[in-house]
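Results of the structural survey
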Amino acid sequence: MKSIRARLLIALIILVAMISLLAAGVTYRRVLSETSTLFDYQLRQMALSLRSQISLAPRIEVPPDQGDTDFVVQIWDVFGARTYLSRPGLPMINQTVLGYADLSLRGQRWRAYGLQTADGVIQIAQPTQVREALARAAAVRVVIPLILLLPIMIGAVAGIVSRGLLPLRFVTTEVQRRDVRSLAPLGTKNLPREIAPLVGELNRLLERLQRAFSAQRAFISDAAHELRSPLTALRLQLQLLDRAPDEAAQREARGRLGDEVERAIHLVEQLLALARSEPQPIGDLQLVDLSAAAAEGIQDTHDLALSRNIDLGLDAMPNLQIKGDREGLRTLVRNLVDNAVRYTPPGGTVQVRSHAAAQEAVLEVTDNGPGIAAADRARVFDRFYRRAAEQESGTGLGLAIVKAIAERHAARVSLDEAPGGGLHVMVKFPRGS
């Protein structure tokens, strides 16, 4: 059963029914006991009311018509002779008792009370069957209202449960009214303490979704804008190729067209890498060797470094375990090294180093290129941001990809000036267990 309302109703109804039945049972037995005590008191009071009449009782049995009474009165004088019997038609109880006693006559049980006086003995007796019938009738009259109240209590429980779940229905209605464009926070006014944490978490989720959608819309807008330039350049180069007057002009146009195609391919690859580097569930991360991922990232840029005569080196600590995505880490290293190689003058050096520091794994990429001015270091992580003085034509996505992958791995990225000039990039990852 998955309904909270149904579970609460069933549990509370069963509880109310059990308590009501228990109360009815206890009340029933209590009334039986109290009624028996009351009947005993009645026997004693009747005996006390007759004690002054013993001397007046005749010695013969008077047969008055008292067949509808529940009591039998017998009186004995001081000599033991019966002087009075209220119901002579019944078998006589010849046993004289003082105080309360349970008697049996011909299979029928009686409750009797005997009172000793100066003139004799008075005995009042009542059939136990009659006493029990009267007691049960009295007990039933008391219990019936309790049983009749049970449906009312069940209805009250149902109403209380429904009223208690109103805030949940309010939250459900608020969520049902939303669509993909409505990500405003849910109302939190007058919410019970039990529901407020749930609504708070929903609002935080809506806030994250709103930020993610905003970032996605900005990414799509920027990507469309960035793709427009290389596509326009491709169309222009095709037009120039068609208009080339001779073979030499055609070869030059084809070369420029190939460069523009490569630039467009690189931009698309960077866009796809950025999309893949967006935050994903942390459960996707596994223990990987950061040094091995660094070696793979360097291998991806080895041809570019050779073409620019860049001295590309790796100083890696073996078996440097972190919790991460191996392909994502490879992309991170590849973008850092690719940026360093592209902006380092031909004949320069790019050094990659991985090592452990306290509870962190550190990846460092150092080059002797022009570096990045301190004023630009915060902005270079923005998508499609390019510095005005850049000579190398890039996509403006490399460091944005690095930042996204680092955030997914709970890592920190810092940019500083290298000791000998150039750029020093440091990425610090939490160590894996």
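Residues numbered from 1 in each chain as written. Predicted model: local features only at pLDDT ≥ 70, side-chain atom pairs only at ≥ 80, totals over all residues. Heavy atoms only, no water.

**As for the overall build of the chain**
Broken down by element type, the chain carries nine helices and 12 strands. Out of the 433 residues in the chain, the part that is buried amounts to 37%. Within the chain, counting contacts between residues at least 6 apart in sequence, those at least 24 apart form 63% of the total. Here the chain has roughly 25,700 Å² of accessible surface; of this, 57% comes from carbon and sulfur atoms. (Helix = DSSP H or I, 4+ residues; strand = E, 2+ residues; numbered from the N terminus. Buried < 20%, exposed > 50% of the residue type's maximum accessible area, 1.4 Å probe, protein only. Contact = heavy atoms within 4.5 Å. Areas by Shrake-Rupley, 256 points an atom, 1.4 Å probe, with all protein chains shown as cover.)

**Here's the deal with the packing of aromatic side chains**
A complete count under the given rule lists one aromatic pair for this structure. Note on Y100 and Y113: the rings are 4.7 Å apart at their centroids and 50° apart in plane angle, and the pair reads as tilted. Residue Y100 is located in strand β3 (residues 99-105), and its partner Y113 is located in strand β4 (residues 108-116); the two are separated by 13 residues in the primary sequence. In this structure Y100 comes out as partly exposed when scored by relative accessible area, which is 36%. Take Y113: its relative accessible area is 8%, and that puts it in the buried class. (Phe/Tyr/Trp six-rings, centres within 6.5 Å; stacked < 30°, edge-to-face > 60°.)

**As for the sheet that holds strand β2 (residues 82-85)**
Read across the sheet, five strands follow the order β2-β1-β5-β4-β3 without closing on themselves; strand pairing throughout is antiparallel. Two strands lie at the open edges of the sheet, namely β2 and β3, each paired on one side alone. Here the strands of the sheet are splayed against their neighbours by 25° on average, with no regard to which way each runs. As judged from the seven bridges shared by β4 and strand β5 (residues 120-127), these two strands associate in the antiparallel manner. Counterpart to Q116 in the pairing with β5 is V121. Of the strands in this sheet, β1 (72-77), β3, β4 and β5 touch helix α1 (residues 4-50), which is tilted by about 145° from β5. Across the face of the sheet, helix α2 (residues 128-164) comes into contact with β4 and β5 while running at roughly 55° to β5. (Pairing = 2+ DSSP bridges. Axes fitted to C-alpha atoms, helices over the stretch in contact; angles between N-to-C directions.)

**Let's talk about the pairing of β5**
Among the eight residues of β5, eight are classified as buried, and the element is accordingly described as predominantly covered. Hairpin connection from β4 to β5: three residues lie between these consecutive antiparallel strands.

**Quick notes on the environment of A357**
As for its placement among the helices and strands, A357 is situated in strand β9 (residues 349-357). When its relative accessible area of 28% is taken as the criterion, A357 is described as partly exposed. Remark: the alpha-carbon pair of A357 and R431, spanning 74 residues in sequence, is separated by 9.3 Å.

**Quick look at α1**
Taking 1.5 Å per residue, 47 residues should reach 69 Å; α1 reaches 68 Å between its end C-alpha atoms and fits that length. Against β1, β3, β4, β5 and α2 lie the buried residues of α1. (Expected span 1.5 Å × (residues − 1).)

**A closer look at the packing of helix α6 (residues 290-300) against helix α8 (residues 326-343)**
Two elements in contact, α6 and α8, have axes separated by 8 Å at closest approach and are oriented at 50°. By the criterion of interaxial angle, the relationship of α6 to α8 is oblique. Considering only the axes of α6 and α8, their crossing is right-handed. Where α6 approaches α8, its residues L290, A292, A293, A294, E296, G297, I298 and D300 are matched on the opposing element by R326, L329, R330, V333, R334 and V337. Per-class residue counts for the contact of α6 with α8 are eight nonpolar, one polar and five charged. (Parallel < 35°, antiparallel > 145°, perpendicular 65-115°, else oblique. Left-handed = near helix turned anticlockwise from the far one by under 90°. Nonpolar A, V, L, I, M, F, W, Y, C, P; charged D, E, K, R; others polar.)

**A closer look at helix α9 (residues 398-408)**
Among the 11 residues that make up α9, nine are buried, leaving the element largely enclosed by the rest of the structure. Among the residues of α9, those classed as buried are G398, L399, A400, I401, V402, A404, I405, A406 and R408.

**Considering the sheet that holds strand β12 (residues 423-430)**
By definition, the strands of a sheet pair up through backbone hydrogen bonds, in either a parallel or an antiparallel sense. As summarised here, the arrangement of the five strands in space is β7-β9-β10-β12-β11, forming an open sheet in which the pairing is mixed. Each of the sheet's edge strands pairs with one partner strand only, and the pair in question is β7 (311-316) and β11 (412-417). Across the sheet, the axes of successive neighbouring strands diverge by a mean angle of 15°, strand direction being ignored. Of the strand pairs in this sheet, β7 and β9 are connected by six bridges, and their pairing is parallel. Considered in β9, the bridge of A316 is made with S354. Here α8 sits on the sheet in contact with β7, β9, β10 (360-367) and β12, set at roughly 25° to β10.

**Some points on the nonpolar core**
In terms of nonpolar packing, the biggest core is built from 37 residues, with L290, L332, L336, L363, V427 and F429 touching the most fellow members. Every element with two or more residues in this core is listed here: α6, α8, β9, β10, α9 and β12. Those residues in contact with L336, other than ones at most four positions away along the chain, are L363, V365, L399, V402, V425 and V427. Counting 10 residues, the second largest nonpolar core, distinct from the first, contains L50, F71, I75 and I122. (Core = buried A, V, L, I, M, F, W, Y, C linked by side-chain atoms within 4.5 Å.)

**Observations concerning the pattern of salt bridges**
Per the stated rule, a full pass over the model turns up 10 salt bridges. Two residues, D338 and R342, come together in a salt bridge whose shortest N-O distance is 2.7 Å. With a gap of four residues between them, D338 and R342 both fall in helix α8, about one helical turn apart. Taking relative accessible area as the criterion, D338 reaches 12% and is therefore assigned buried. R353 serves as the salt-bridge partner of E364, at 3.0 Å between the closest nitrogen and oxygen. On the criterion of sequence distance, the pair formed by E364 in strand β10 and R353 in strand β9 is long-range, its members being 11 residues apart. (Salt bridge = Lys/Arg side-chain N within 4 Å of Asp/Glu carboxyl O.)

**Some points on the environment of L43**
Relative to the elements of secondary structure, L43 occurs in helix α1. Taking C-alpha positions, L43 is 9.0 Å from G114, a pair spaced 71 residues apart along the chain. The contacts of L43, once residues within four sequence positions are left out, are F71, R111, Y113, I124, Q126 and R131.

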